[in-house]
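Reading the structure
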Amino acid sequence: MKLALVVVGQRVPGWAETACQDYLKRFPPDWRVELKAVKAEPRTQGKTVDAMKAAEAQRIEAACAKGARRVVLDERGTRLTTAQLAQRLLAWQLDGRDVALLVGGPDGLADTLKDSADETLRLSDLTLPHAFARVLLAEALYRAWSVNAGHPYHRE
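Residues numbered from 1 in each chain as written. Predicted model: local features only at pLDDT ≥ 70, side-chain atom pairs only at ≥ 80, totals over all residues. Heavy atoms only, no water.

1. Notes on the pattern of salt bridges
Counted under the stated rule, the structure contains 18 salt bridges. We note a salt bridge from Glu56 to Arg43, for which the minimum N-O separation is 2.6 Å. With Glu56 in helix α2 (residues 49–63) and Arg43 in the loop between β2 (32–38) and α2, the pair connects residues that are 13 residues apart, well separated along the chain. For Arg43, a relative accessible area of 32% gives the class partly exposed. Of the charged contacts, one joins Glu119 and Arg88 as a salt bridge, the two residues approaching to 3.0 Å between their closest N and O atoms. A residue pair is termed long-range when its members are at least 10 positions apart, and Glu119 in strand β5 (residues 119–122) and Arg88 in helix α3 (residues 82–95) qualify at 31 residues. Taken together, the shared-partner salt bridges in this structure form one network comprising Arg69, Arg88, Asp95, Arg97, Asp118 and Glu119. (Salt bridge = Lys/Arg side-chain N within 4 Å of Asp/Glu carboxyl O. Helix = DSSP H or I, 4+ residues; strand = E, 2+ residues; numbered from the N terminus. Buried < 20%, exposed > 50% of the residue type's maximum accessible area, 1.4 Å probe, protein only.)

2. Focus: the sheet that holds β5
Strand order in the open sheet formed by 5 strands is β2-β1-β4-β3-β5, with parallel pairing between adjacent strands. Both outer strands of the open sheet, β2 and β5, are each paired with one neighbouring strand and no more. On average, each strand axis in the sheet is inclined to that of its neighbour by 30 degrees, with strand direction left out of account. Both strand β3 (residues 69–79) and β5 contribute to a ladder of 5 bridges, which runs parallel. Its bridge partner lying in β5, Thr78 is registered against Leu121. Contacts between helix α5 (residues 130–149) and the sheet are confined to β1 (2–8), β2, β3 and β4 (99–103), with β1 contributing the most and set at about 170 degrees to the helix. (Pairing = 2+ DSSP bridges. Axes fitted to C-alpha atoms, helices over the stretch in contact; angles between N-to-C directions. Contact = heavy atoms within 4.5 Å.)

3. Focus: the environment of Trp31
Along the chain, the position of Trp31 falls in the loop between α1 (14–26) and β2. If near-sequence neighbours (up to four positions away) are discounted, Trp31 is found in contact with Met1, Leu3, Leu89, Gln93 and Trp145.

4. Quick look at the packing of aromatic side chains
In this structure the tally under the stated criterion is 4 aromatic pairs. Among the aromatic side chains, those forming a connected cluster through ring pairs are Phe27, Trp31, Tyr142 and Trp145. A cation over an aromatic ring shows up here: Arg26 above the ring of Tyr142, its NZ or CZ 5.6 Å from the ring centre. (Phe/Tyr/Trp six-rings, centres within 6.5 Å; stacked < 30°, edge-to-face > 60°. Lys NZ or Arg CZ within 6 Å of the ring centre and 35° of its normal.)

Put into structure tokens, the structure is as follows:
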């Protein structure tokens, strides 16, 4: 199984890129985890929000592996504890498909992506800057992996 964090926005502050890559590098070699940043649609061309989200959705679709389980990160998604996310990781492994975790741009994800998702998760009840959301997602996945691996990184 390969995990792909498919996120809208290619330009993030250096601290966010460093932190996200730090967590992704912590996974063992048999866990293929990667960040795929797709270009955000420019917000200055007078396009409607739906048109911008549709353009971003096409880029997200292109970045997802064919047949991958699609997990949308959305404020209305299911809340999970770290232990519950660890259980989801195990279930995804047993399913055998690659997993694409989708994080939208400033206006969120297109309804077509939300409607076609295999599941929808909530990262936080807080509104987060996109740069921080990708770091938080990478850390949460690493922490969930560490629970399953019996690694002392996670403590309850």
